[in-house]
Amino acid sequence: MKLDIQAEDRLGMALEILRVLAQNQCNIQALEVIPCHAFVSCDAQPGRWPQLQQQMLALPGVQAVRQIDLLPSERRRQHLDMLLSRLPDPIIDLDSDGDILHLNAAAADAFGATREQLEQMPVSRVIGNAGMGLDLAALLRQDGATVEVLPEGGTYLLDIQPVISHGQLNGAVMVLRSPQRIGQQLSSVKATHGEGIDTIIGISPAMLALQRQTLKFAALDLPVMILGETGTGKELLARALHEAGPRASAPFLAINCATLAENLLESELFGYAAGAFSGAQRGGKPGLFELADEGTIFLDEIGEMSPYLQAKLLRFLQDLRFRRIGGTSELKVDVRILCATHRDLEAMADSGEFRADLFYRLNVLNLHLPPLRQRREDIPLLADYFLRRAAEQLNCTKPTLSREALRQLCEAPWPGNIRQLQNVIFRSAALLEQQDQSASQVEIDIAQLAMGGLEGRRLTHGDKPPADSEVYAAMAALPDVVSKGGAGAERELEDVQGLDQALEAYEARLLANLWPLYPSTRRLAQRLQTSHAKIARKLKRYDIR
């Protein structure tokens, strides 16, 4: 029986309550007293409750007596257990002697025992030997520490924080994090919103085919090699592959093989054991392959990897097993390998610059990102997207490209591809002068940009720009802008009977190409930034389903 006795806060009240309980032969198990309340857990004989309640209410100052399910301390413990059970990382509460006071369900699972078996057990029996001679007593005296431990359930990084009260050590809190959890957190921190297939902007035939191929490859758990010039968006495509596949909820970690020296790249990929070299992190460090377990690793600029690391990577790809630098135990992970390069790896393999066996191991599936000059139909969409992002960052009204400025952008050779286009748009938006807000048109000279044939040209920001659909349709009909060119484009121009007919033809072709990639009115409306009702009407009008 558990009681909540509401009474006046006066001297001797608790003693009188205990006397009544003793007179009724109640065995008191717990007593908690707060101002105006006394909470009691006791064993009472069956049928005693009416008499006990009557005697309690007869005490001077007692206002109410009722039965409850849990004492306040039990309710707090229940809420704490529920809170800790929601946390995916193992958490352990220790007393000053290093005995386990409390732990969550994740910790019990990590150690392969029940919470009842582990509580009151010295924590050294659980992770002492697994910590390779870990001196827990010394760690408890430190102001926080991070080490690696290897309990039977796997590898963990252990964070330990001492609990100090009035200058005395009262215990510690330990948190264990698996490499996979750390990889998920790293992936979440680095990721930006919307990194799926929707971020691959383009309506050109090459890009629509690439999007369809990407969706097919995403479902296949095989290595993919992404080829393309610098600045074409290879990492964006790799993220889209990951997000569209079955490993989307697991980590996606990327590394550029051209930016690190051989020894640093090796330690980043494979990690190192404790004491592997001078200055190594205490307890060792997991590499990206461990952190991305069950997820995806993206190796950018794979063609720059040294022959030594090529051989080590090849060995890893045989069965996904490896040893850390300086380590003796073999680790196994489950990762999908994506790689990218702007170089001709096949020619490098033929000449001996790149291992032929590694090339064939990585080149199971491949995707080719076309350069911007081969997908000029996409430049209006990309420019509009970058203008919108620039306006958000600059906190200003979104500028609009005039038709002539758009033509100049579409005619530029863009050796730096999408990255160069983005830089031009952002720089132009940042330099846009808007001192006279009442003027009908504000111009800036972007001659200083000197990029891709844009010298001396102008971008305009007007209050009455042409409609986007009209501009895109006009661009799609220009033989010197669209990659079709030649006699076919001239014949198409001759067939155009009017602007309305050209706009409708373009609109129908656009919707027909995008519908297979976004097969719902809401998704397609979101992609084209319009209402789903309007999209539904257009699809019905052009008989697209």
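Rules of the game
Residues numbered from 1 in each chain as written. Predicted model: local features only at pLDDT ≥ 70, side-chain atom pairs only at ≥ 80, totals over all residues. Heavy atoms only, no water. UniProt positions renumbered as here; feature names shortened; annotations may be inferred. Helix = DSSP H or I, 4+ residues; strand = E, 2+ residues; numbered from the N terminus. Contact = heavy atoms within 4.5 Å. Expected span 1.5 Å × (residues − 1). Buried < 20%, exposed > 50% of the residue type's maximum accessible area, 1.4 Å probe, protein only. Arc of directions from axis to C-beta. Pairing = 2+ DSSP bridges. Axes fitted to C-alpha atoms, helices over the stretch in contact; angles between N-to-C directions. Core = buried A, V, L, I, M, F, W, Y, C linked by side-chain atoms within 4.5 Å. Phe/Tyr/Trp six-rings, centres within 6.5 Å; stacked < 30°, edge-to-face > 60°. Lys NZ or Arg CZ within 6 Å of the ring centre and 35° of its normal.

Per an unreviewed UniProt entry, the chain goes by the name HTH-type transcriptional regulatory protein TyrR and belongs to Proteobacteria bacterium 228. Under Subcellular location (unreviewed entry), UniProt gives the following word-for-word description of the chain: "Cytoplasm".

J.: Give a detailed account of the side chain of histidine 242, specifying residues and quantitative values.
T.: Residue position: histidine 242 is located in helix α10 (residues 234-243). Excluding residues that lie within four positions of it along the chain, histidine 242 makes contacts with Arg247, Ala248, Ala250, Pro251, Phe252 and Thr296.

J.: Please give an account of helix α21 (residues 499-514) that cites residues and values.
T.: For α21, which comprises 16 residues, the first-to-last C-alpha distance of 22 Å matches the rise-based estimate of 22 Å (1.5 Å per residue) to within 8%. Inspection of α21 places Tyr506, Leu510, Leu511 and Leu514 among the buried residues, and these make up the whole buried set. Along the long axis of α21, the arc covered by the buried residues comes to 130°, so they all point the same way.

J.: Just give me the short version of the sheet that holds strand β3 (residues 37-43), but keep the residues and values in it.
T.: Within a sheet, each strand pairs with its neighbour through backbone hydrogen bonds, oriented either parallel or antiparallel. Spatially, four strands are ordered β2-β3-β1-β4 in an open sheet, and the strand pairing comes out antiparallel. Each edge of the sheet is formed by a strand with only one pairing partner; in this case those strands are β2 (27-34) and β4 (62-67). Taking the axes of each pair of neighbouring strands and ignoring which way they run, one obtains an average angle of 20° across the sheet. Where strand β1 (residues 2-7) meets β4, five bridges bridge the pair, whose relative direction is antiparallel. In the strand pairing of β4, alanine 7 is matched with valine 62.

J.: Lay out the nonpolar core in plain terms, naming residues and giving numbers.
T.: Judged by nonpolar contacts, the single largest core of 37 residues is most densely connected at Leu409, Trp414, Leu421 and Leu524. Looking at this core, the elements with two or more residues in it are α16 (379-394), α17 (403-411), α18 (417-431), α21, α22 (521-528) and α23 (532-541). If we skip the residues at most four places from it in the chain, leucine 421 touches Leu372, Leu382, Ala383, Phe386, Leu409 and Trp414. Counting 34 residues, the second-largest nonpolar core is a separate cluster that includes Leu314, Phe316, Phe322 and Val333.

J.: Could you give an account of the packing of aromatic side chains, naming the residues involved and the relevant values?
T.: Under the counting rule described, the total for this entry stands at nine aromatic pairs. Between phenylalanine 252 and phenylalanine 298 the ring centres are 6.4 Å apart and the planes differ by 20°, which places this aromatic pair in the stacked class. Here the residue phenylalanine 252 occupies a position in strand β11 (residues 252-256), and phenylalanine 298 occupies one in strand β12 (residues 296-300), the gap between them amounting to 46 residues. Pairing phenylalanine 289 with phenylalanine 316 gives two aromatic rings, centres 4.2 Å apart and planes at 25°, and the pair type is stacked. One end of the pair, phenylalanine 289, is in helix α12 (residues 288-291); the other, phenylalanine 316, is in helix α13 (residues 307-319), and 27 residues separate them in sequence. Chaining the aromatic ring pairs together yields one cluster made of Phe270, Phe289, Phe316 and Phe322. Over the aromatic face of phenylalanine 270 sits the side chain of lysine 312, whose NZ or CZ is 4.5 Å from the ring centroid.

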